[in-house]
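Observations on chain architecture
Each chain, written out:
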Amino acid sequence: MTEKEVSQQKAAVLGLQHLLAMYSGAVAVPLLIGNALKFSPAQMTYLVSIDIFMCGLATLLQLMRNKYFGIGFPVILGCAIQAVAPLQMIGQKFSINDMYGAIIVAGIFVVLISGIFAKIKKFFPPVVTGTLITTIGLTLVPVAIQNMGGGNSAAKSFGSGQNLFLAFCTMFIILALEIWTKGFIRSISVLIGLVAGTGIAACMGLVSFTPVMEASWFHLPQLFYFGVPKFEWSSSLTMIIIALVSMVESTGVFFAIGDLLHHDVTEEDLKKGYRAEGIAQIFGGLFNAFPYTTFSQNVGLLQLSGIKTKRPIYWAGGLLMAMGLLPKIGAMVTIIPTPVLGGAMLVMFTMIAVQGIKTLAKVDLSDNNNVLIIAISIGLGLGVTIYPQFFKNLPATVQLFLSNGIVITSLSATILNFLLKGGDRKAKQNTQTANIT
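Let me sum up the structure you'll find in this document. Since the structure is predicted, the reported quantities are computational estimates derived from the model, not experimental observations. (Residues numbered from 1 in each chain as written. Predicted model: local features only at pLDDT ≥ 70, side-chain atom pairs only at ≥ 80, totals over all residues. Heavy atoms only, no water.)

The subject of this paragraph is the overall build of the protein. Counting its secondary structure elements, the protein contains 19 helices and 2 strands. A globule of 437 residues ought to have a C-alpha radius of gyration of about 22 Å, and the protein, at 21 Å, matches this closely. Oriented by its inertia axes, the alpha-carbon framework of the protein measures out at about 60 × 55 × 45 Å. Put simply, the protein has 437 residues, and 56% of those count as buried. Partitioning the contacts of the protein with sequence separation of at least 6, the portion at a separation of at least 24 is 84%. (Helix = DSSP H or I, 4+ residues; strand = E, 2+ residues; numbered from the N terminus. Rg over C-alpha atoms; globule rule 2.2 N^0.38 Å. Buried < 20%, exposed > 50% of the residue type's maximum accessible area, 1.4 Å probe, protein only. Contact = heavy atoms within 4.5 Å.)

Here is the structure:
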């Protein structure tokens, strides 16, 4: 389906579906940081509202490809979850103003090194990108399962009958629509599943409308809401490291979407993509929001819906900005029960893994070196995802890199490919072979 075949009305609905798919991940960061820093209700309201607004703005910056920035792929940007712990630490040890100063410095750093960092493309032949895309999907599956159980694995209600019922009802509704419907209805199967699952939960008395009633009607973004940023060197260095981690993760997402679009991701694509994220991060610091990175959650939705154009994503970005200005409307999304989100997430995230497997199908698996690259890298990525404390005895700076399963898979696959396949020459041969097949 081409972009011209998607009407604005249908694109708006598809955009809403993308928004719902990423919303819980987007609001998790302000909630976690605001609670850790003991924000007042008024401060928390601003934090969530500006975060949602900036998610939309960051998405539009990435969509609007121009001479200087924007990858121009159908991607959505949200808060970098790996930034939560460092930001909490900076806010508690120094101040919230130091926290936002560090975010601005890291954003400037990303913009400055985007061209240099984009040269890593030559280290990403199909055996590396396929392994990375597969790992992205598999490392997200535990998040979906946790949400299906209720969200908090330590709670007594985790895995309760009603949580599992809602999760599997949502999942089966989406599957039924995928199997027995066609066209536009099939493309919005996730949205219908989320609405139907929430309706079932409401009938069970499990949906509270209190957040909607308590939210304000209108809220404007404010420059330096919490005060003028301060710049402390260790805090800035910490956030630069987090920015590098996010860039590696975004690289995998860019290649995953490029594969979906049958588009060869170029060095120029990567440079403009990184630069858009850096600019978004600078805005995040100026308006007292957060670092923003390309979300992997929505890749599976592109695959599932079959509609891979940018128009629905423009709608998603616009809706996010509108919700940031209208907190009462934004609060309506928060009433979706966690198990319902989990059921939808499981379908979407596993689709990402399947896309990675399709990429790996282009690789010569009779070559034992390729098998070793795939097996070890996926094993390390999944292992670190399950046990992020695996590297807890290493220096804190090293832990920031190695506690992320996607990042460690990227590093492992790239290094092993270089060692086992002979570096650039072999990488080019592999790419040519994959294109021929």
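On to the state of the cysteines. In the structure shown here, the tally under the stated rule is 0 disulfides. Between C79, a cysteine without a disulfide, and C55, which holds the nearest cysteine sulfur, the sulfur-to-sulfur distance is 4.6 Å. C203 provides the cysteine sulfur closest to C169, a residue in no disulfide bond, and the two sulfurs are 11 Å apart. Of the residues examined, C169 reaches a relative accessible area of 19% and is grouped as buried. (Disulfide = S-S within 2.5 Å.)

Quick look at the pattern of salt bridges now. Side chains that differ in sign of charge can pair as their charged atoms come close. The tally for this structure, following the rule as stated, stands at 5 salt bridges. Salt-bridge contacts for K119 lead to E267; the nearest nitrogen and oxygen are separated by 3.2 Å. A residue pair is termed long-range when its members are at least 10 positions apart, and K119 in the loop between helix 4 (96-117) and helix 5 (126-149) and E267 in helix 11 (residues 267-286) qualify at 148 residues. On the basis of relative accessibility, which here comes to 36%, the residue E267 falls in the partly exposed class. Between K272 and E268 there is a salt bridge whose closest N-O contact spans 3.7 Å. Of this pair, K272 and E268 both sit in helix 11, 4 residues apart, which is roughly one turn of that helix. Each of E268, K271 and K272 takes part in one network of salt bridges that share partners. (Salt bridge = Lys/Arg side-chain N within 4 Å of Asp/Glu carboxyl O.)

Ring pairs (aromatic) are described by centroid distance and by the angle formed between their planes. Inspection of every chain in the model, using the stated rule, returns 8 aromatic pairs. Between Y225 and F226, the ring centres sit 4.8 Å apart and the planes meet at 85°, which makes this aromatic pair edge-to-face. Since its relative accessible area comes to 28%, Y225 is described here as partly exposed. Between F390 and F391 the ring centres are 4.9 Å apart and the planes differ by 85°, which places this aromatic pair in the edge-to-face class. With relative accessibility at 60%, the residue F390 sits in the exposed group. Through successive ring pairs, a cluster of aromatic residues spans Y46, Y100, Y225 and F226. (Phe/Tyr/Trp six-rings, centres within 6.5 Å; stacked < 30°, edge-to-face > 60°.)

Quick look at helix 5 now. Taking 1.5 Å per residue as the helical rise, helix 5 with its 24 residues ought to reach 34 Å, and the 35 Å between its terminal C-alpha atoms agrees with that figure. G150 sits one or two residues past helix 5 and shows a positive phi near 130°. (Expected span 1.5 Å × (residues − 1).)

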